[in-house]
Amino acid sequence: MNRLRIALTKGRLLEQTTELFEEMGLDCTPLRSPGRRLIHSLENYPLDIVLAKAPDVITYVEHGACHMGIVGKDSIMELGGSFFEVLDLNMGKCRFALAVRQGENFYGTYKSRRIASKYPNITRKFFEKKGIDVSVIRIEGSVELAPILGLADAIVDLVETGDTLKANGLTPIEDVASISARLIVNTAAMKLYRPEILGFVERCETAIQDRNRE
Ligand code: PRP
């Protein structure tokens, strides 16, 4: 059986992915103490794991450097790309929301508004659909700062617990999209390694169904 290579997103999603893999029966010892290593081989399943940042997971899968990847729908929506999105893993769940300073009447003005976001494409599309003219300012992180510092009138950002918004005096006023982690597959790999990939996808599906039954 050919070894598969999968790119995983470093950060919050990695812990949840490791748990899912363990429920699939994969021995994830290397992932439990990865140190500085970025590639890990599993012993009891023909799988090599590459640890990368979310946008790079998409790049590696799109170009075939990795056969598969696990990445948030947020990155997929923002960056697009050509690959198969084969499974909603039902984890890493959060939402995109439009948020403003508490008490602010965002829609109560005709003047053009500035929106800060780490996701300029998603933000632009959201307001285009509404027919509202906005200028979008790209921010790399801690986007909540932008309205506080007067750089923007609102933000479009990921909200999980809502604690970050609350702690910074912001409040969500509208949902933009629901987000969860997805399993993506390189299009050529799907043909070349079909039995191996479908075998892996099936294992994922079974583990997710088992979770739902609990
Ligand atoms: C994300 C997001 C929010 C926060 C939401 O940021 O951009 O800031 O998490 O989580 P909460 O609703 O549970 O408080 P992240 O921690 O990934 O860092 P970043 O702000 O630098 O992007």
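What counts and what doesn't
- Residues numbered from 1 in each chain as written.
- Predicted model: local features only at pLDDT ≥ 70, side-chain atom pairs only at ≥ 80, totals over all residues.
- Heavy atoms only, no water.
- Helix = DSSP H or I, 4+ residues; strand = E, 2+ residues; numbered from the N terminus.
- Buried < 20%, exposed > 50% of the residue type's maximum accessible area, 1.4 Å probe, protein only.
- Contact = heavy atoms within 4.5 Å.
- Areas by Shrake-Rupley, 256 points an atom, 1.4 Å probe, with all protein chains shown as cover.
- Near = heavy atom within 4 Å.
- Polar contact = N/O pair within 3.5 Å; in protein donor to acceptor, adjacent residues only side chain to side chain.
- Nonpolar A, V, L, I, M, F, W, Y, C, P; charged D, E, K, R; others polar.
- Patch = residues over 30% accessible without salt bridge, like charges linked within 9 Å, V, L, I, M, F, W, Y side chains within 5 Å.
- Salt bridge = Lys/Arg side-chain N within 4 Å of Asp/Glu carboxyl O.
- Core = buried A, V, L, I, M, F, W, Y, C linked by side-chain atoms within 4.5 Å.
- Lys, Arg positive; Asp, Glu negative; His and termini not counted.
- Charge placed at Lys NZ, Arg CZ, Asp CG, Glu CD.
- Domains from an automatic or database assignment.
- Buried area = accessible area lost by both parts, 1.4 Å probe.

## Quick look at the overall build of the protein
On a plain count of helices and strands, the protein comes out with 9 helices and 11 strands. Relative to its full complement of 214 residues, the protein shows a buried share of 45%. For the protein, contacts bridging at least 24 residues in sequence account for 68% of all contacts bridging at least 6. As displayed, the protein has an accessible area near 11300 Å², and 48% of this comes from carbon and sulfur atoms.

## Considerations on the site of the ligand
Around the ligand sit 13 residues, and of these Lys118, Glu144, Thr161, Gly162 and Thr164 come closest. Contact distances for the ligand include 2.6 Å between an oxygen atom and a side-chain N or O atom of Glu144. Backbone polar atom of Glu160 to an oxygen atom of the ligand: 2.8 Å apart, as the coordinates give it. With the chains in place, 73% of the 490 Å² that the ligand exposes on its own is no longer accessible. Counting residues per element, the ones that place at least two in the shell around the ligand are strand E9 (154-159) and helix H7 (163-167). A total of 3 residues in the shell around the ligand trace back to one element, the largest contributor, which is E9. Grouping the constituent residues of the shell around the ligand by class yields 2 nonpolar, 5 polar and 6 charged.

## Let's talk about a nonpolar patch on the surface
On the surface, a nonpolar cluster with roughly 300 Å² of combined accessible area is contributed by Leu145, Ile148 and Leu149. Mapped onto the elements, Ile148 comes out in helix H6 (residues 145-148).

## A look at the nonpolar core
Ranked by internal contacts, the top residues of the largest apolar core, which has 32 residues, are Ile6, Phe21, Leu47, Ile70, Leu89, Leu183 and Phe200. For this core, the elements supplying multiple residues, two or more each, are strand E1 (4-9), helix H1 (12-23), strand E3 (47-52), strand E4 (68-72), strand E11 (181-185), helix H8 (187-192) and helix H9 (194-213). Examining the composition of this core, we find that 6 residues originate from one element, H9, more than from any other. The next biggest cluster of nonpolar side chains, apart from the first, holds 17 residues, and it includes Cys94, Phe96, Tyr119 and Ile122.

## Observations concerning a positive patch on the surface
Where like charges cluster on the molecular surface, the positive patch consists of Lys10, Arg36, Lys53 and Lys118. With respect to the helices and strands, Lys10 occurs in the loop between E1 and H1.

## Structural notes on the side chain of Arg113
Relative to the helices and strands, Arg113 resides in strand E7 (residues 113-117). Of the polar contacts made by the side chain of Arg113, one reaches the backbone oxygen of Lys111; its length is 3.2 Å.

## Some points on the domain arrangement of the protein
Segmenting the protein into domains produces domain 1 (4-92 + 180-213) and domain 2 (94-177). Opposite the 5 residues of domain 1 that make contact, domain 2 presents 10 residues. Three residues, Asp74, Met77 and Glu78, lead the burial of domain 1 against domain 2; their summed loss comes to 76% of the area buried on that side. With a shortest N-O distance of 2.5 Å, Arg12 and Glu160 are connected by a salt bridge. On inspection of domain 1 and its partner domain 2, the count reaches 4 residue pairs in polar contact (both at pLDDT 80 or more).

## Thoughts on unusual backbone geometry
The backbone of Asn90 sits at a positive phi, close to 60°, despite the residue not being glycine. Using a relative accessible area of 31% as the deciding quantity, one classes Asn90 as partly exposed. Positive phi is not limited to glycine here, since Ser142 has a value of about 45°. Note on placement: Ser142 falls in the loop between strand E8 (134-138) and H6.

## Some points on the side chain of Thr18
Checked against the element boundaries, Thr18 lands in helix H1. Those residues in contact with Thr18, other than ones at most four positions away along the chain, are Cys28, Leu31 and Arg32.

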